[in-house]
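Reading the structure
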Amino acid sequence: MKKKELIQTLSWLWLIAILAIWGGVFVETNKLLA
Amino acid sequence: MSGELILGELLSREKGILTEKWFYSTELRVLNTQIIFKIFFYFFESWHTVRWISSIVLILIMLGSFYYLMKQLNCKGFPFIAACLILNPSTLYFDVVLKGLYYIPHICISFLTIGMIIQYMKTDNILLKKILFFIMTALSLISGLGGLRQIVILYLPLLIVLILWKILGIRGNVVSGKWNILCEIMFLGSMLGYLINIKVLSKRFIYKKFTEIEYKDFELDSVTSVFNGILHTLGYRNGNIFSVVSVINVGAIALLVLILISLLAGLSRRCRISNTNRFLSFYFLCALLVFTLLYSFTNMEYSNRYNVPFLVFSVPVIFLNIQETEFSRNIKKCLYTIILISIYFGGLYQWNFRKNIDTTSQIKEVSEYLLSHEVSKGYSTFWNGNVLTELSDGEIEVWVHSPTGGETNIWENTDEIYPWLQYTDHVNNRPRGKVFVLLSKEEYDALVENVMAEWADVAFSNDTYVLFVFDDYDDLQRSVARG
């Protein structure tokens, strides 16, 4: 895999991870409810 | 925030996306989050599941709209940049967009519309142009039906961009394709929608109208408020100078400077940038101007959060300008990395702080008490009302008698209802069976002289709340009469 492709894959993984942490830590645990 | 969910649940029991059975707030929900909530209420009974899935879906829709905009702008590095829309240091953005799911429809419509204008400018495909034209016009009309917000943050600034573009005589490939007519039609479409909102919809549905807005003398304080609001949305916060807050605040100020530099680059003729970039910078500047002037010259109620729907455009403005500067590739990469890491760092700091806060632990105890004692109807002030309904999966119905911190005293007039984000039939219908009255400790202390029920009548209390339970509505009334 070329360096550029690797960075591209990592960037998508990063976005998915952020979204998953957001959904898991904050929304799923109901900590955002007010 | 729970009010939007109750509206979604109400709509899932009715046809359509609008209802006369709901007191709306500042705007009529037309193309808004209630559609998503409504859809998921068809599939799930758990309100928590509906909130959870709707939150993810709404964020995904926002990211999808952002992807489309970035593609049209030809701006590279979407995943890294898009992560800034979820992970950033702004407390305000966190509370309003990520937590409350507010303004996501407005942001999406803006992302899509700007993206479609750029695609319309670029494409030679007549059929595609016609389709885009139709979608944009329809979207402007539907947006106008909801109220003024989308007009103020999108359609009016676009019209001003058009005027400035003509005055300054900016030319280039991108101005072909009659986008000027498009902007005019979209503005007229949104105004037509707003006219329908005022003249027709307001007669059927109950929401706050902004027809009483008046001009006022110019106040420098308003400009200061707008400026501070922008800083806070960028992540600036008050706090101890010898703490991480200093790092976050330096980041927020640096971001503001970066936005200003990007705007200058985007507007200056000396900088060799694409016309799409110039168009985006013009739009951002005009949105900022309209927003500032609106609150400086009118008596429109101001809140920091109102700047979120257009300030979110600072993200593509900054990164597109970095991409198009004439710096060497390594310098660009370096800038890119520093900015992204700063934003992520602020975001992680905020997440780490927020993950330990459970704002509903106390009211969950109230909800559990009420459910275990089969008390499902009662009264509370605004911020303690709808949340009880959400936490109890709709089992508990709350008559909101006054805004939190308001002066209305439940013990003086149980029939008075706060016409804000609750069922309209609460005006005429009274709770049946056992009735509760929920007060926060602050509300109880403030009202203690007027509270007719004795402390001995308190059914439940914890560190935050005091709960009274009566046999029925008449018993509550007798309690009031007792004084």
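Rules of the game
Residues numbered from 1 in each chain as written. Chains lettered and ligands numbered in written order. Predicted model: local features only at pLDDT ≥ 70, side-chain atom pairs only at ≥ 80, totals over all residues. Heavy atoms only, no water. Core = buried A, V, L, I, M, F, W, Y, C linked by side-chain atoms within 4.5 Å. Buried < 20%, exposed > 50% of the residue type's maximum accessible area, 1.4 Å probe, protein only. Helix = DSSP H or I, 4+ residues; strand = E, 2+ residues; numbered from the N terminus. Contact = heavy atoms within 4.5 Å. Buried area = accessible area lost by both parts, 1.4 Å probe. Salt bridge = Lys/Arg side-chain N within 4 Å of Asp/Glu carboxyl O. Polar contact = N/O pair within 3.5 Å; in protein donor to acceptor, adjacent residues only side chain to side chain. Nonpolar A, V, L, I, M, F, W, Y, C, P; charged D, E, K, R; others polar. Patch = residues over 30% accessible without salt bridge, like charges linked within 9 Å, V, L, I, M, F, W, Y side chains within 5 Å. Areas by Shrake-Rupley, 256 points an atom, 1.4 Å probe, with all protein chains shown as cover. pLDDT = per-residue confidence, 0-100. Pairing = 2+ DSSP bridges. Axes fitted to C-alpha atoms, helices over the stretch in contact; angles between N-to-C directions. Phe/Tyr/Trp six-rings, centres within 6.5 Å; stacked < 30°, edge-to-face > 60°.

**Observations concerning the nonpolar core**
Residue and element names in this part refer to chain B. In this structure, Met62, Phe66, Ile114, Ile117 and Phe279 are the most contacted members of the largest nonpolar core, which totals 128 residues. Ranked by residues supplied to this core, first place goes to helix α3 (residues 47-73) with 13 residues. In this structure, Val366, Val387, Leu388 and Leu391 belong to the second largest nonpolar core, which totals 15 residues.

**Details of the interface of chain B and chain A**
Think of interface size as the accessible area that goes away when the parts come together; that is how it is often given. Across the contact, 31 residues belong to chain B and 19 residues belong to chain A. Both sides of the chain B and chain A interface together cover about 2600 Å² of buried area, and 77% of this is carbon and sulfur. Its largest share of buried area at the contact with chain A, chain B owes to His48, Pro79 and Trp351 of chain B, together 21% of the area lost on that side. Summed over the shared surface of chain B and chain A, the number is zero salt bridges. At the junction of chain B with chain A, the criterion picks out two residue pairs in polar contact (both at pLDDT 80 or more). Among the elements of the structure, α3, α4 (78-83), α5 (91-99), α15 (329-354) and α17 (382-391) of chain B are those that each provide at least two residues to the side of chain B that touches chain A. For the side of chain B that touches chain A, the element with the most residues is α3 of chain B, which contributes nine residues. Of the residues in the side of chain B that touches chain A, the class split is 21 nonpolar, five polar and five charged.

**Some remarks on a nonpolar patch on the surface**
Residues and elements named next belong to chain B. On the surface, Tyr215, Phe218, Leu220, Leu289, Leu293 and Phe297 cluster together to form a nonpolar patch covering roughly 680 Å² of accessible area. Of the residues forming the nonpolar patch, the biggest block, three residues, is contributed by helix α12 (residues 275-297). Inspection of the secondary structure puts Phe218 in the loop between α9 (179-204) and α10 (220-233). For Phe218, a relative accessible area of 44% puts it in the partly exposed group.

**Description of the confidence of the model for chain B**
Looking at chain B as a whole, its pLDDT mean stands at 89, while 93% of the residues score no less than 70. Two summary scores accompany this predicted model of the complex, namely pTM at 0.92 and ipTM at 0.89.

**Comments concerning the sheet that holds strand β2 (residues 397-402) of chain B**
Residue and element names in this part refer to chain B. Sheet architecture is open: five strands sit in the order β2-β1-β3-β5-β4, paired in mixed fashion. The sheet is open, and its two borders are formed by β2 and β4 (458-461), each paired with just one other strand. Within the sheet, the average angular offset between the axes of one strand and its neighbour, ignoring direction, is 25°. Where strand β3 (residues 435-440) meets strand β5 (residues 465-470), six bridges bridge the pair, whose relative direction is antiparallel.

**Concerning the packing of aromatic side chains**
All names here are of chain B. If you walk through the whole model with that rule in mind, you get 30 aromatic pairs over all chains. Centre to centre, the rings of Trp22 and Tyr423 are 5.8 Å apart; their planes meet at 75°, and the pair counts as edge-to-face. In this pair, Trp22 sits in the loop between α1 (2-12) and α2 (34-43) while Tyr423 sits in the loop between β2 and β3, placing the two residues 401 residues apart along the sequence. Under the relative-accessibility criterion, Trp22 is labelled buried at 1%. With a centroid separation of 6.3 Å and 20° between ring planes, the pair formed by Tyr295 and Tyr306 is classed as stacked. Of this pair, Tyr295 sits in helix α12 while Tyr306 sits in the loop between α12 and α13 (308-311); the two residues are 11 residues apart in sequence, bridging distant segments of the chain. Relative accessible area serves as the criterion here: at 12%, Tyr306 is assigned to the buried category.

**Thoughts on the pattern of salt bridges**
Residue and element names in this part refer to chain B. Under the counting rule described, the total for this entry stands at 11 salt bridges over all chains. Between Asp95 and Arg354 there is a salt bridge; the shortest N-O distance is 2.9 Å. In this pair, Asp95 sits in helix α5 while Arg354 sits in helix α15, placing the two residues 259 residues apart along the sequence. By relative accessible area, Asp95 is classed as partly exposed at 23%. Between Lys216 and Glu219 there is a salt bridge, with the nearest N and O atoms lying 3.6 Å from each other. When its relative accessible area of 25% is taken as the criterion, Lys216 is described as partly exposed. Take Glu219: its relative accessible area is 36%, and that puts it in the partly exposed class.

**A few points about the environment of Val247 of chain B**
Note on placement: Val247 of chain B falls in helix α11 (residues 244-267). Counting along the chain gives 246 residues from Val247 of chain B to Met1 of chain B, while the straight-line C-alpha distance between them is 31 Å.

**A word on the side chain of Thr389 of chain B**
Looking at where Thr389 of chain B falls in the secondary structure, it is placed in helix α17. When neighbours within four sequence positions are excluded, Thr389 of chain B is seen to be in contact with Ile6, Trp47, Gly394, Glu395, Ile396, Glu397 and Val398 of chain B.

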